[in-house]
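An overview of the molecular structure
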Amino acid sequence: MKKTYEQLVDNYRSHNADYYMTPSLKHMEPFKLFGPIYYVGDQMVCVHLIDTEDGLLLLDCGYPQAIHMLTDSIYQLGYDPRQIKEIIMTHGHYDHFGAAMEFKRLYGCKLAMSKVDANLLREKPELGLASWTSFEHLITLPEIDHEIENGEHIRLGCIDMECKLIPGHTPGAMAFFFNVTEDGSHYYRAGEFGGAGKGSATRCTLEHFGMPLSQQRDMLKSIENMKKEHVDIQLGNHPANNHTLEKRREQLAGNPMAFLDPESWSGFLAETERSFTQLIAEDNNE
């Protein structure tokens, strides 16, 4: 039996209730992932700090009630949040922009999001999915300074980040690609697929928000486009995407190159493709 929108939201709230009340239950010590990339997220949502040698970039900024853990993780690594030049958000959902406005007010960083999702949040702020939480009143929509265009490059210091639109999870979700090195001679390509969950693309959710059902098939097109990309180091949007927790355990067990995994990207895309193909079949009774 298919879930109604109300049942989907109730299930989501119930599943995350402990974390909502006590985010420290999902705390994770920050660590160097590879080269200039550091992990400063928790066990629920990934946040990556990138040291460009000319200031810091953040990829996403997590849930609003976990801002204290994010700030502490940045300081633990020896960095100052005031060094953050820009927070680049993968898509327009509250669990990825939750801390953005507090960081902007406190530290003066700019906020970046795809032009598509930035426009949608202005027109239909409910698409940020704050209503899926038990603390909607704590969530402030981000005031976007930099609306990213498809194919744009974000350049800062040693980082040249290519931004590609991947509609599906949201209409304006983005993927990001950039080269990194440990020793200055061997370069590897890091990549993040910015939104793979299907909850926001179920028929009941799309109908609830007046969004087209074609968004589901947009995801399959995005996945097909991303199969053309070579990625040596996959960054997760949520830890399950690239097995962040498992690879961190490998690092701690003595494998410093645990995140250097050229097979991870294709495996993730194949699994996401299966998930959305199944969703489309179920929602359309195919």
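Everything in this summary refers to the structure shown in the same document. (Residues numbered from 1 in each chain as written. Predicted model: local features only at pLDDT ≥ 70, side-chain atom pairs only at ≥ 80, totals over all residues. Heavy atoms only, no water.)

By definition, a disulfide links the sulfur atoms of two cysteines through a covalent bond. Within the structure shown, the criterion is met by zero disulfides. No disulfide involves Cys109; its sulfur sits 8.2 Å from the nearest other cysteine sulfur, which is in Cys61. Cys158 supplies the cysteine sulfur nearest to Cys163, a cysteine that is in no disulfide, at a spacing of 15 Å. A relative accessible area of 0% places Cys163 in the buried class. (Disulfide = S-S within 2.5 Å. Buried < 20%, exposed > 50% of the residue type's maximum accessible area, 1.4 Å probe, protein only.)

Let us now look at the sheet that holds strand β6 (residues 110-114). If you walk across this open sheet you meet the seven strands as β1-β2-β3-β4-β5-β6-β7, and the pairing is mixed. Each end of this open sheet is capped by a strand with a single partner; those strands are β1 (31-34) and β7 (146-148). Ignoring which end each strand starts from, the neighbouring axes of this sheet average 25° apart. As judged from the three bridges shared by β1 and strand β2 (residues 37-39), these two strands associate in the antiparallel manner. Across the sheet, the residue bridging to Phe34 is Ile37, located in β2. Sitting on the sheet, helix α9 (residues 244-252) is in contact with β1 and β2, with an inclination near 100° to β1. (Pairing = 2+ DSSP bridges. Helix = DSSP H or I, 4+ residues; strand = E, 2+ residues; numbered from the N terminus. Axes fitted to C-alpha atoms, helices over the stretch in contact; angles between N-to-C directions. Contact = heavy atoms within 4.5 Å.)

The subject of this paragraph is the nonpolar core. Counting 47 residues, the largest nonpolar core has Leu58, Tyr63, Leu70, Ile74, Ile87 and Phe103 as its most contacted members. The element best represented in this core is helix α1 (residues 5-21), accounting for five residues. The contact partners of Ile74, leaving out residues within four places of it in the chain, are Val40, Leu49, Leu58, Tyr79, Asp80, Pro81, Ile84 and Phe103. Residues Tyr39, Leu156, Phe176 and Ala190 belong to the second largest nonpolar core, which totals 26 residues. (Core = buried A, V, L, I, M, F, W, Y, C linked by side-chain atoms within 4.5 Å.)

Following the criterion strictly, the structure yields 16 aromatic pairs and no others. With centroids separated by 5.6 Å and ring planes inclined at 75°, the aromatic side chains of Tyr63 and Tyr94 adopt a geometry described as edge-to-face. Taken together, the positions of Tyr63 in the loop between β4 (56-59) and α2 (67-76) and Tyr94 in helix α3 (residues 94-97) put the pair 31 residues apart, joining distant regions of the chain. Each of the two residues, Tyr63 as well as Tyr94, counts as buried. A centroid spacing of 5.2 Å and a plane angle of 70° characterise the contact between Phe103 and Tyr107, whose relative ring orientation is edge-to-face. Of this pair, Phe103 and Tyr107 both sit in helix α4 (residues 100-107), separated by four residues, roughly a single helical turn. Assigned by exposure class, Phe103 and Tyr107 land together as buried. (Phe/Tyr/Trp six-rings, centres within 6.5 Å; stacked < 30°, edge-to-face > 60°.)

Taken in spatial order, the five strands of this open sheet run β8-β9-β10-β11-β12, and their pairing is mixed. The sheet is open, and its two edges are formed by β8 (153-156) and β12 (233-235), each paired on a single side. Neighbour to neighbour, the strand axes of the sheet diverge by 20° on average, direction disregarded. Where strand β10 (residues 174-181) lies against strand β11 (residues 187-193), seven bridges are found, and the strand directions are antiparallel. Note that in β11 the partner of Asn179 across the bridge is Arg189. Its contacts with the sheet place helix α10 (residues 264-284) against β10, β11 and β12, and it is angled at close to 15° to β11.

In this section: the pattern of salt bridges. Opposite charge on two side chains permits pairing when their charged atoms draw close. Scanning all chains against the criterion turns up 16 salt bridges. In this structure, Lys32 engages Glu182 in a salt bridge whose closest nitrogen and oxygen atoms are separated by 3.4 Å. With Lys32 in strand β1 and Glu182 in the loop between β10 and β11, this residue pair connects regions lying 150 residues apart in the sequence. Classification of Lys32 as partly exposed rests on a relative accessible area of 39%. Salt bridges linked by common partners bring Glu162, Lys164, Arg189 and Glu229 together as one network. (Salt bridge = Lys/Arg side-chain N within 4 Å of Asp/Glu carboxyl O.)

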